[in-house]
Amino acid sequence: MSIRHGLLALLERGPRYGSQLRTEFESRTGSTWPLNVGQVYTTLNRLERDGMVAQGGQDDAGHALYAITDIGREELRTWFEKPVDRTSPARDELAIKLAMAVGAPGVDIRAVIQSQRHHTVKAMQDYTRLKAQALAALESGESRERDDVAWLLVLEQLIFQTEAEARWLDHCEARLIRLSAAGVATTGSSAPPASGTGAGEARPPDSAGTTTQGSRSAPLR
């Protein structure tokens, strides 16, 4: 996540002070990625060092205001036009956890998957509920704020992300079952056998993109 570009985008709308930028950033993203004031001012100092923002007086309450410069506008324009680089993906804790769980003594990797699936599906259901509330507010005319539209887009990204994670977990479990049946070691020698998790019932996602795990919620629309 690029905090610096997010702050530049907010400053494009006019001069702002640090805590104001934090509030607007969190409002635009629904507090999905909360910031603290220290992060904001550290980023502003770096932007000022790089010539992308400049301090420009104070407001009536004495807050130091920051304004975007021409260099900052050019950087922001480039950011909007350039695709997000996916060739060097950020480290994913879940992928690392499962990779390390393979063959780890005393670790039942299928139990790890089952526990994560429960959490992921719960998060997906929560996001879906929030999406329904946001859509109802927008469609009823109760809200026309750009922040609410932005929050809806963020929510939908989170829904797609968690849905994909749930499908991937189903795939991982099915893959482990097939490898185990083929005699490939996937657990440590002292790992207890999977029991009571329903892991043996896992099947890969079907062609419609839904899974057949009993713990999954209804397909999203």
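Here, every reference points to the structure presented above.
The structure presented is a predicted model; accordingly, all values stated were derived computationally and were not measured.

Participant: Explain the overall build of the protein chain here, please?
Facilitator: For the protein chain, the helix and strand inventory stands at seven helices and two strands. When burial is assessed residue by residue, the protein chain has 34% of its 221 residues classed as buried. Put simply, of all contacts in the protein chain between residues at least 6 apart along the chain, 63% involve residues at least 24 apart.

Participant: So what exactly am I meant to see when it comes to the side chain of Glu173 here?
Facilitator: By the element assignment, Glu173 lies in helix α7 (residues 146-181). At a separation of 2.7 Å, a polar atom in the side chain of Glu173 contacts the side chain of Arg117.

Participant: Before we go on, may I ask you to explain the packing of helix α2 (residues 18-28) against helix α3 (residues 37-49) in this structure?
Facilitator: The geometry of a pair of packed helices is captured by two quantities: the angle between their axes and the separation between those axes. α3 packs onto α2 with a crossing angle of 110° between their chain directions and a minimal axis gap of 9 Å. As far as their axial angle goes, α3 and α2 are roughly perpendicular. When the axes of α2 and α3 are compared, the crossing they make is right-handed. Judged by residue contacts, Gly18, Ser19, Leu21 and Arg22 of α2 engage Val37, Val40, Tyr41 and Leu44 from α3. Here the residues of the contact of α2 with α3 sort into five nonpolar, two polar and one charged.

Participant: What exactly am I supposed to notice about the packing of aromatic side chains here?
Facilitator: By convention here, two paired aromatic rings are described through the distance between centres and the angle between planes. All chains considered together, the criterion is met by two aromatic pairs. Aromatic pair Trp79 and Phe80: ring centres 5.2 Å apart, planes at 40°, arrangement tilted. Judged by relative accessible area, Phe80 falls into the exposed class, the value being 57%.

Participant: I tried to follow the nonpolar core on my own but got confused; where do I start?
Facilitator: One recurring pattern in soluble globular proteins is that nonpolar side chains are buried together. Ranked by internal contacts, the top residues of the largest apolar core, which has 16 residues, are Leu7, Leu8, Leu11, Leu21, Val40, Leu44 and Val53. Those elements that place two or more of their residues in this core are α1 (3-11), α2, α3 and β2 (64-68). A total of five residues in this core trace back to one element, the largest contributor, which is α1. Residues contacting Leu8, with those up to four places away along its chain left out, are Leu47, Met52, Val53, Ile68, Gly72, Glu75 and Leu76. Of all hydrophobic cores here, the second largest spans eight residues; its members include Leu94, Ile109, Leu169 and Cys172.

Participant: I would appreciate a short explanation of α3 in the present structure.
Facilitator: In an α-helix, one turn spans 3.6 residues; hence positions three or four apart end up facing the same way. Between its terminal C-alpha atoms α3 stretches 18 Å, which fits the 18 Å expected from 13 residues at 1.5 Å a residue. Considered for burial, the residues of α3 that qualify are Val40, Thr43, Leu44 and Leu47. The buried residues of α3 occupy an angular sector of 105° when projected down its axis, which confines them to one face. If you follow the buried residues of α3, they end up packed against α1, α2, β1 (53-58) and β2.

Participant: Is there a simple way to think about the environment of Thr32 in this case?
Facilitator: Tracing the sequence through the fold places Thr32 in the loop between α2 and α3. We classify Thr32 as partly exposed; its relative accessible area is 25%. Measuring from C-alpha to C-alpha, the distance between Thr32 and Trp151 comes to 9.0 Å, with 119 residues separating the pair along the chain. In contact with Thr32, other than residues within four places in its own chain, are Trp151, Val154 and Leu158. A polar contact is formed between the side chain of Thr32 and the backbone oxygen of Thr29, at a distance of 2.7 Å.

Participant: Would you explain the packing of helix α5 (residues 93-101) against helix α6 (residues 109-139) in this entry?
Facilitator: Interhelical geometry of α5 versus α6 gives an angle of 160° and a closest axis separation of 9 Å. It follows from the interaxial angle that α5 and α6 lie roughly antiparallel. In terms of crossing hand, the pair formed by α5 and α6 is right-handed. Seen from α5, the contacting residues are Leu94, Lys97, Leu98 and Ala101; seen from α6, they are Ile109, Val112, Ile113 and Gln116. Residues of the contact of α5 with α6, tallied by class, amount to six nonpolar, one polar and one charged.

Participant: Even after reading the chapter, I still don't get the pattern of salt bridges, so can you show me in this structure?
Facilitator: Side chains that differ in sign of charge can pair as their charged atoms come close. All chains considered together, the criterion is met by 13 salt bridges. One salt bridge connects Asp126 with Lys122, and the closest N-O pair in it is separated by 2.9 Å. Taken as a pair, Asp126 and Lys122 lie in helix α6 at a separation of four residues, close to a single helical turn.

Conventions we followed
- Residues numbered from 1 in each chain as written.
- Predicted model: local features only at pLDDT ≥ 70, side-chain atom pairs only at ≥ 80, totals over all residues.
- Heavy atoms only, no water.
- Helix = DSSP H or I, 4+ residues; strand = E, 2+ residues; numbered from the N terminus.
- Buried < 20%, exposed > 50% of the residue type's maximum accessible area, 1.4 Å probe, protein only.
- Contact = heavy atoms within 4.5 Å.
- Polar contact = N/O pair within 3.5 Å; in protein donor to acceptor, adjacent residues only side chain to side chain.
- Axes fitted to C-alpha atoms, helices over the stretch in contact; angles between N-to-C directions.
- Parallel < 35°, antiparallel > 145°, perpendicular 65-115°, else oblique.
- Left-handed = near helix turned anticlockwise from the far one by under 90°.
- Nonpolar A, V, L, I, M, F, W, Y, C, P; charged D, E, K, R; others polar.
- Phe/Tyr/Trp six-rings, centres within 6.5 Å; stacked < 30°, edge-to-face > 60°.
- Core = buried A, V, L, I, M, F, W, Y, C linked by side-chain atoms within 4.5 Å.
- Expected span 1.5 Å × (residues − 1).
- Arc of directions from axis to C-beta.
- Salt bridge = Lys/Arg side-chain N within 4 Å of Asp/Glu carboxyl O.

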